[in-house]
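Each chain is listed here by its residues.
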Amino acid sequence: MSCYTLTIASLKGGVGKTTIALNTAFAFARRGYRTLLVDTDPQGAIGLSLAGSLRDRSGLAAIVRAGQSPLESCVQTKVSTLSILPVGAVHALDIDDFCERVQRTRSLETVRDALAATHDLIIFDTPAGLGGVTRAAIEAANGLLVPVQCEPLSLRAMPHMLELVSALQQRGSRCELLGVLASMSSFRDPVVLASLEEVWSLYDRVILETSIPRDPVFLKASQAGVPVGLLSKRMPPVAAVFDRLVGELEARMSTNESEQGDDEPIRLVD
Ligand SMILES: Nc1ncnc2c1ncn2[C@@H]1O[C@H](COP(=O)(O)OP(=O)(O)OP(=O)(O)O)[C@@H](O)[C@H]1O
Ligand SMILES: [Mg+2]
C-alpha cells in the first residue's frame, strides 16, 4: 500500500483539530496502519496534549533549521504502529521565521518523502488559520480533513478554506477535500443542532456521516495527556467514534482502483 498523507486544518482556532488528529492517528494505528502524526503547530499542540517527554525532543524545527534527519526526529510511541514527529522547540520570537522556512524550503514534502516508505499514513496537525504552514501542509497532502465546530462563527469561516483548496488545486495541488467533519456536536443544544443542520445542508456532498460529540471526556483525556482510547482500562464509549471515522475515511481514501481490486475479507482464523 502506498503512503497516504492527510492534513487536518481549519481557519478557525480551537475547533478540535489537535484532538481529532491525535485520536484519529491512534485509531488508524490500532487498525494496523503504520501511522506518523506530525505536529506542524509552532506552539507544539501535540506535545501539549500528551504526557511524556515530547516537549523536550527536537523535531520539525530542527529539520527545518538544521537539516536534521526526519527519521531520527520521530518518536516511537508505546503503540508499535504509531510514531510522532513533534514540532520541537520554537521560540515565541521565531514563530514567523519557522513558518516562513517551512513554506520556502518545502520541509513538509521532505518529511513526507523521507518517511513515506516506512508508513501507510502520515497525518499533519496544523496551526489555526490559512497561513504558510497550513498551506504547506495542504500542498504536501493527498487529502484534507476540515473539522468544523457546530457553531455559527466556525461555519462562516468554511468558505475561505474551500476557496483555498480550490485555488491550490488550480495551481496544481493534488490535495482533495476528503471531508468536512462536524466537531463538538450535541443534539441537545438547539444552537448546535441548528448549526449541524446548516452544515448538513450546505456541505451535503462532503460532510462525513460521523460527527465528534462534545464530551467532557476529551478534557479529561487532555488533562491526563492521552488519547481518549487510553484514558482508562475500559475504553470510554466516545473513543469508538474514531473507529467509525477511520472506516469512513478509509472508504474515501481508497478511490484508487487497483487498491480496491486487492481488497478482500480478512479471515479471522486460517
Ligand atoms: N469533542 C470535544 N468535546 C469537548 N471538548 C473538546 C472536544 N474536542 C476538543 N475539545 C477541547 O477543546 C479544546 C480545543 O481543542 P483542540 O486543541 O483540539 O483544538 P484545535 O483546533 O487544535 O485548537 P488550535 O486552533 O488552537 O490548534 C481543548 O481543550 C480540547 O480538549
Ligand atoms: Mg491544535
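Report follows, based on the coordinates. (Residues numbered from 1 in each chain as written. Chains lettered and ligands numbered in written order. Predicted model: local features only at pLDDT ≥ 70, side-chain atom pairs only at ≥ 80, totals over all residues. Heavy atoms only, no water.)

## Section: helix α11 (residues 240-253)
For the α-helix, the turn length of 3.6 residues means that residues three or four positions removed from each other point alike. With 14 residues, α11 should cover 20 Å at 1.5 Å per step; its first-to-last C-alpha distance of 20 Å lies within 8% of that length. In this fold, the buried residues of α11 make contact with β1 (4-8), α1 (17-30), β5 (121-125), β6 (143-149), β7 (176-183) and α10 (216-224). (Helix = DSSP H or I, 4+ residues; strand = E, 2+ residues; numbered from the N terminus. Expected span 1.5 Å × (residues − 1). Contact = heavy atoms within 4.5 Å.)

## Details of the environment of Ala89
Inspection of the secondary structure puts Ala89 in the loop between β4 (82-85) and α5 (95-104). Overall, the relative accessible area of 59% leaves Ala89 in the exposed class. Separated by 44 residues in the primary sequence, Ala89 and Val133 have C-alpha atoms spaced 16 Å apart. Not counting chain neighbours up to four residues away, the residues in contact with Ala89 comprise Arg57, Ala61 and Arg65. (Buried < 20%, exposed > 50% of the residue type's maximum accessible area, 1.4 Å probe, protein only.)

## Topic: the sheet that holds β5
With mixed pairing, seven strands are arranged side by side in an open sheet as β3-β4-β2-β5-β1-β6-β7. Looking at strand neighbours, the two that pair on one side only are β3 (75-76) and β7, the edges of this open sheet. Summarising the sheet, β1 and β5 pair through five bridges and their orientation is parallel. The residue bridging Leu6 from the neighbouring strand is Ile123, located in β5. Seen against the sheet, α1 touches β1, β2 (35-39), β4, β5, β6 and β7 and runs at an angle of roughly 165 degrees to β5. (Pairing = 2+ DSSP bridges. Axes fitted to C-alpha atoms, helices over the stretch in contact; angles between N-to-C directions.)

## Here we look at the layout of surface pockets
If you add up the space inside the second largest pocket, you get close to 520 Å³. Every residue lining the second largest pocket is counted, 28 residues in all, and those nearest its centre are Gly16, Thr19, Met184, Phe218 and Leu219. Secondary structure elements with two or more residues in the lining of the second largest pocket: α1 and α10. With six residues, the top contributor of residues to the lining of the second largest pocket is α1. Tallied by class, residues from the lining of the second largest pocket come to 14 nonpolar, 10 polar and four charged. (1 Å grid on protein atoms, 1.4 Å probe; cavity = no way out; pocket = protein on both sides within 12 Å on 5 of 7 lines; lining within 4 Å. Points joined across faces, edges and corners; volume = space filled by probe spheres on them. Nonpolar A, V, L, I, M, F, W, Y, C, P; charged D, E, K, R; others polar.)

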